[in-house]
Amino acid sequence: MSRLHIAARLGLIVVGAIILVQLLSVAIYLVEQRGRGEPSGFAALLAQVAALAEAIDRVPRDDRDLVLRAATTARFKPVVRQDVPPNPLHGRFLGSAEQRLRALSGVPAERLVALSFVNVRDGQQVARLRDLVTSRLQAVIELAGGGYLVIETAGELSLRLLGIPVGLLAGILGFVVALAALLAVRHETRPLSELTVAIERFGAAMETMPVSERGAPDVRALIRAVNAMQANIAELLRSRTLVLGAISHDLRTYVTRLRLRLELLPESVQRDKATVDLDDMQSLMDDALAFVRASFAGPSAETVDLARVARTEYEARKGACAALTLTCEDPALLIRGSAAGMARVVANLVNNAILYGGAADISLYAETDVIELLVEDRGPGIPVDERTRVFDPFYRLETSRSRGSGGAGLGLTIVRQVVESNGGTVAIEDRPGGGTRVRVRLPRERSQ
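Residues numbered from 1 in each chain as written. Predicted model: local features only at pLDDT ≥ 70, side-chain atom pairs only at ≥ 80, totals over all residues. Heavy atoms only, no water.

## Topic: the overall build of the chain
Part 1 of the reasoning: A tally of regular secondary structure across the chain gives 10 helices and 13 strands.
Part 2 of the reasoning: In the chain, buried positions account for 36% of the 448 residues.
Part 3 of the reasoning: A sequence separation of at least 24 residues applies to 62% of the contacts in the chain between residues at least 6 apart.
Part 4 of the reasoning: Accessible surface, the chain as shown: approximately 26100 Å² in total, 59% of it carbon and sulfur. (Helix = DSSP H or I, 4+ residues; strand = E, 2+ residues; numbered from the N terminus. Buried < 20%, exposed > 50% of the residue type's maximum accessible area, 1.4 Å probe, protein only. Contact = heavy atoms within 4.5 Å. Areas by Shrake-Rupley, 256 points an atom, 1.4 Å probe, with all protein chains shown as cover.)

## Section: the nonpolar core
Here is a general trend for soluble globular proteins: nonpolar side chains tend to be buried in one another's company.
Part 1 of the reasoning: Residues Leu306, Leu349, Leu364, Leu373 and Val440 are the most contacted members of the largest nonpolar core, which totals 37 residues.
Part 2 of the reasoning: Elements represented by at least two residues in this core include exactly helix H8 (306-317), strand E8 (324-328), helix H9 (339-357), strand E10 (360-366), strand E11 (370-376), helix H10 (411-421), strand E12 (425-430) and strand E13 (436-443).
Part 3 of the reasoning: For this core, the element with the most residues is H9, which contributes 6 residues.
Part 4 of the reasoning: If we ignore the near neighbours within four places in the chain, the residues touching Leu349 are Leu373, Val375, Leu412, Val415, Val438 and Val440. (Core = buried A, V, L, I, M, F, W, Y, C linked by side-chain atoms within 4.5 Å.)

## A short note on the environment of Tyr356
Part 1 of the reasoning: By the secondary structure assignment, Tyr356 is in helix H9.
Part 2 of the reasoning: The class of Tyr356 is buried, set by a relative accessible area of 14%.

## Quick notes on H9
Note on helix geometry: an α-helix contains 3.6 residues per turn, so any two residues three or four positions apart are oriented the same way.
Part 1 of the reasoning: Here H9 spans 26 Å end to end across 19 residues, near enough to the 27 Å set by a 1.5 Å rise per residue.
Part 2 of the reasoning: What H9 keeps buried is the set Gly341, Met342, Val345, Val346, Ala347, Asn348, Leu349, Val350, Asn352, Ala353, Tyr356 and Gly357.
Part 3 of the reasoning: The N-capping residue of H9, defined by a side-chain oxygen 3.4 Å from the backbone nitrogen of Ala340, is Ser338.
Part 4 of the reasoning: A positive backbone phi angle near 75 degrees is found at Gly358, which sits one or two residues after H9. (Expected span 1.5 Å × (residues − 1). Polar contact = N/O pair within 3.5 Å; in protein donor to acceptor, adjacent residues only side chain to side chain.)

## A short note on the confidence of the model for the chain
Part 1 of the reasoning: Residues of the chain with pLDDT of at least 70 account for 73%, and the chain-wide mean is 76.
Part 2 of the reasoning: The secondary-structure element of the chain with the lowest mean pLDDT is strand E5 (residues 160-161), recorded at 47, while E11 shows the highest, at 93.
Part 3 of the reasoning: Every residue in residues 159-163 is under pLDDT 50, and counting partners more than four places away or in other chains gives 10 contacts.
Part 4 of the reasoning: Taken together, the stretch residues 399-404 has pLDDT below 50 and engages in 9 contacts with residues farther than four places along the chain or on a different chain. (pLDDT = per-residue confidence, 0-100.)

## So, the sheet that holds E13
Part 1 of the reasoning: Here 5 strands make up an open sheet; going across it, the order is E8-E10-E11-E13-E12 and the pairing mixed. Each having just a single partner strand, E8 and E12 make up the two edges of the open sheet. Each strand of the sheet is rotated relative to its neighbour by a mean of 15 degrees, with strand direction disregarded.
Part 2 of the reasoning: Sheet contacts for H10: E12 and E13; angle to E12, the most-contacted strand, approximately 135 degrees. (Pairing = 2+ DSSP bridges. Axes fitted to C-alpha atoms, helices over the stretch in contact; angles between N-to-C directions.)

## Let's talk about the packing of H8 against H9
Part 1 of the reasoning: Where H8 contacts H9, the two axes come as close as 10 Å, and the packing angle between them is 45 degrees. Here H8 is positioned oblique relative to H9, judged by the angle of their axes. Read as a crossing pair, H8 and H9 show a hand that is right-handed. Where H8 abuts H9, its residues Leu306, Val309, Ala310, Glu313 and Arg317 lie against Met342, Ala343, Val346, Ala347, Val350, Asn351 and Ile354.
Part 2 of the reasoning: Here the residues of the contact of H8 with H9 sort into 9 nonpolar, 1 polar and 2 charged. (Parallel < 35°, antiparallel > 145°, perpendicular 65-115°, else oblique. Left-handed = near helix turned anticlockwise from the far one by under 90°. Nonpolar A, V, L, I, M, F, W, Y, C, P; charged D, E, K, R; others polar.)

## Details of the pattern of salt bridges
Part 1 of the reasoning: Taken as a whole and assessed by the stated rule, the structure comprises 17 salt bridges.
Part 2 of the reasoning: Residue Glu313 is joined to Arg317 by a salt bridge in which the shortest nitrogen-to-oxygen separation is 2.3 Å. Of this pair, Glu313 and Arg317 both sit in helix H8, separated by 4 residues, roughly a single helical turn.
Part 3 of the reasoning: Residue classification places Glu313 among the buried residues on the basis of a relative accessible area of 13%.
Part 4 of the reasoning: A relative accessible area of 22% places Arg317 in the partly exposed class.
Part 5 of the reasoning: The partner of Arg378 in a salt bridge is Asp361, and the shortest N-O contact between them spans 3.0 Å. In this pair, Arg378 is assigned in the loop between E11 and H10 and Asp361 in strand E10, connecting sequence segments 17 residues apart. (Salt bridge = Lys/Arg side-chain N within 4 Å of Asp/Glu carboxyl O.)

## A closer look at the side chain of Asn348
Part 1 of the reasoning: Structurally, Asn348 is set in helix H9.
Part 2 of the reasoning: On the basis of relative accessible area, Asn348 is assigned to the buried category, the value being 13%.
Part 3 of the reasoning: What Asn348 contacts, discounting residues up to four positions off in sequence, is Gly411, Ile414 and Val415.

## Comments concerning the pairing of E11
Part 1 of the reasoning: Where burial is concerned, most of E11 is hidden: 7 out of the 7 residues are buried.
Part 2 of the reasoning: Burial along E11 is two-sided: Val370, Glu372, Leu374 and Glu376 facing one way and Ile371, Leu373 and Val375 facing the other are all buried.
Part 3 of the reasoning: Taken together, the 6 bridges between E10 and E11 define a ladder with antiparallel strand orientation. Counterpart to Tyr365 in the pairing with E11 is Glu372.
Part 4 of the reasoning: Once E10 ends, the chain turns through 3 residues before running back antiparallel as E11.

## Structural notes on the environment of Gly245
Part 1 of the reasoning: Its place among the elements puts Gly245 in helix H6 (residues 217-264).
Part 2 of the reasoning: The sequence separation of Gly245 and Asp286 amounts to 41 residues, and the corresponding C-alpha distance is 9.8 Å.

## Focus: helix H3 (residues 64-71)
Part 1 of the reasoning: Within H3 the residues assigned to the buried category are Arg64, Val67, Leu68 and Ala71. In an axial view of H3, the angular spread of the buried residues amounts to 100 degrees, which keeps them on one side of the axis. Of the exposed residues in H3, the ones pointing more than 90 degrees away from its buried face are Leu66, Arg69 and Ala70. (Arc of directions from axis to C-beta.)

## Digging into the environment of Val185
Part 1 of the reasoning: Along the chain, the position of Val185 falls in helix H5 (residues 166-205).
Part 2 of the reasoning: Taking the relative accessible area as the measure of exposure, Val185 reaches 14% and is therefore buried.
Part 3 of the reasoning: Separated by 175 residues in sequence, Val185 and Leu10 have C-alpha atoms that sit 6.9 Å apart.

If you want it as structure tokens, here you go:
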């Protein structure tokens with residue numbers, strides 16, 4: 001039940017309520033009939049026949065017509081005849097079932113001249129139990145005071161509407177009402193489904209997706225509030241990243257000036273330290289600009305060979321790092337994305353693995369619709385409760401990624417932005433044997 005959407009839940013509630021009402025109605029009817037002690041169905045009809053025969057036997061002959069008129073209805077027509085009707089039909093209904101029906105009628109067997117059920121459509125005697133609902137009763141009973149009581153029911157024994165038994169028709173109407181209720185529920189909850197898709201898309205890629213305002217007043221108010229929230233958050237993020245990008249861009253000018261002035265100074269320990277500081281500032285600004293570009297990049301229409309990007313990164317670093325491996329059996333693994341963005345993703349993950357884990361094992365695997373990139377290290381690992389926070393901008397783990405040894409804290413943020421903007425996912429796991437494993441999954445692009 002917890003996995004069902006709101007439309008399915010409401011639909012189950014409606015259908016369950018209708019079924020429960022029908023079950024309660026049947027139960028109440030059965031309890032009421034049992035409480036009254038009255039027969040029902042065919043037994044009630046046969047009991048009525050027996051009661052009418054007994055009543056006519058008890059009244060004077062002159063009053064028989066009065067009793068017959070009192071018992072006559074549109075579907076129950078009794079008459080008294082002085083002779084036996086021609087060709088009375090003796091019941092042959094399912095053998096022993098006929099005897100049970102004779103016993104239910106309460107009429108002595110010697111006086112029950114004829115008792116049968118005849119099909120309304122073809123006039124033939126009923127031979128199957130399921131045909132009783134489409135039959136009419138024919139009964140001939142010898143009266144104690146002389147004559148014969150002849151009873152015929154008009155039409156079918158079960159009440160029908162439009163040719164369908166009323167009970168069956170009620171069930172059909174119940175399911176039609178349930179279907180109409182389901183369609184109405186689906187129509188009313190569709191805006192909520194669209195709102196869910198919009199929020200998920202906005203949360204993954206910070207891409208606004210306004211939802212049309214429709215539905216109930218409270219639903220329209222909710223959609224209006226979410227649309228406004230999307231616009232406000234997007235504008236705040238845009239302003240923040242623009243300011244960050246502008247500051248980083250302008251700082252490059254000052255860093256360049258300082259670097260030129262340092263070149264004019266004589267060599268010294270202080271000059272070397274200042275050069276290192278400028279290199280760190282340059283790295284920080286590069287990360288900040290990359291973060292800004294990734295924030296506004298959005299999905300790319302390019303096709304990139306991720307295997308080639310990984311091999312390029314491996315070739316560039318293998319001379320400086322002995323603990324670097326690459327596993328990729330496929331010659332080409334195509335994905336949809338930016339070549340520069342994917343190169344940044346691989347470079348950041350490999351750099352983190354080498355810097356904080358002492359090694360980097362790069363693996364690429366191809367599935368039917370997904371390309372998987374794994375980058376593993378042999379470091380202390382990342383605590384489970386920190387694996388989401390490390391993707392936040394400027395966040396570092398104090399134990400192993402301090403400001404003295406780490407970068408600006410934007411590497412994994414950029415990785416997540418690039419991957420999610422191209423429909424992928426990134427997650428941090430434990431490496432078997434110790435260390436950290438970063439798993440990146442991206443939709444596979446089929447070659448044309």
